[in-house]
Amino acid sequence: MRDLGTGFGHLLKGQRWVARHGRSYGFGLVPGLITLVLYVGVLIALALWGGDFVDWATPFADDWPSPWTGLFRGFLTAVLFALALLLAVLTFTAVTLLVGQPFYEALSERVDRDVSPDGTAPESDLPLWRELWISGRDSVRILVRAAVWGVLLFALGFVPVVGQTVVPVIGFFVTGFFLTEELAAVALQRRGVELRERLALLRSRRMLVWGFGTPLGLAFLVPFVAVFLMPGAVAGATLLARELLGEETRDGAEDPSEGEAAAGPADPEVSSPPAPGH
């Protein structure tokens, strides 16, 4: 149970880190804003025409007596929108990280340097195009796993009582796990940790992962919150990745008295994406 609190602590530390480094925070908002516009458009379209889709998909209910047809289709429409919202939460991070790979990579490296006792950060030797390819490929694999869970939970949602109580709770823990994987992948991929090994690391510390990802997933359900929490979530996931790998972290790195001025007038790590060779 202690790991639950530790994971939540990393989430808070990440938000505090970006609060002290305003330039990094502002830079990290851009990919989330782009993705948000796309997702809002899709959800609005689903809200407007989701009922028509359900009507088309359930012709067998046309001859049901009133009010059963309306109740049945209304329930399916609500479940469809809820499933879309769950998938939006699961995929928002993956899409945002893919859009903002160079931005978040720079942010994660800066966090590593800030908390490392020797002031260094692991660097990838792969060119940028290769990193983007690996990130996109791994994101698709994670989304396939998340989609399988989503379909399973959708089906279990029809089970009386359990579907309205236990299943939503399981859904939030599943969401938290996959959110954490996507966020921690920024730091772990830079260290050459492959997807299979990343998943094994996360499963070995499930309570730590749930403590970080589950409250974040709940927060992401609030409109627009995900955009503003993403930079801090990447920073916190970098701290979590260091703990998973047993890397030493400088205690003083979380000192709230450390101001933005400590970064100096120039901030090359976040003023532009990393060069293709890094």
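Here, the structure is the one placed above.
Keep in mind that what you see is a predicted model, and the values were worked out from it rather than measured.

Turning to the overall build of the chain, a few remarks are in order. Per the secondary structure count, the chain includes ten helices and zero strands. Ordered by position in the sequence, the α and β elements of the chain form the string α-α-α-α-α-α-α-α-α-α. Looking at the 278 residues of the chain, the share that counts as buried comes to 44%. A separation of at least 24 residues holds for 82% of the contacts in the chain among residues at least 6 apart in sequence. Approximately 13,500 Å² of the chain is accessible, and the part contributed by carbon and sulfur atoms is 71%.

Another aspect to go through is the packing of aromatic side chains. All chains considered together, the criterion is met by seven aromatic pairs. Plain terms: the ring middles of Phe 53 and Trp 56 are 5.8 Å apart, the flat faces sit at 35° to each other, and that makes the pair tilted. Note that Phe 53 and Trp 56 are positioned in helix α2 (residues 22–57) at a spacing of three residues, about one turn of the helix. Residue Phe 53 is classed as partly exposed on the basis of its relative accessible area of 44%. Take Trp 56: its relative accessible area is 65%, and that puts it in the exposed class. Taking the centre distance of 5.0 Å and the plane angle of 50° together, the rings of Trp 64 and Phe 72 count as tilted. By way of ring pairs, the aromatic residues Phe 60, Trp 64 and Phe 72 are connected into one cluster.

About the thresholds
Residues numbered from 1 in each chain as written. Predicted model: local features only at pLDDT ≥ 70, side-chain atom pairs only at ≥ 80, totals over all residues. Heavy atoms only, no water. Helix = DSSP H or I, 4+ residues; strand = E, 2+ residues; numbered from the N terminus. Buried < 20%, exposed > 50% of the residue type's maximum accessible area, 1.4 Å probe, protein only. Contact = heavy atoms within 4.5 Å. Areas by Shrake-Rupley, 256 points an atom, 1.4 Å probe, with all protein chains shown as cover. Phe/Tyr/Trp six-rings, centres within 6.5 Å; stacked < 30°, edge-to-face > 60°.

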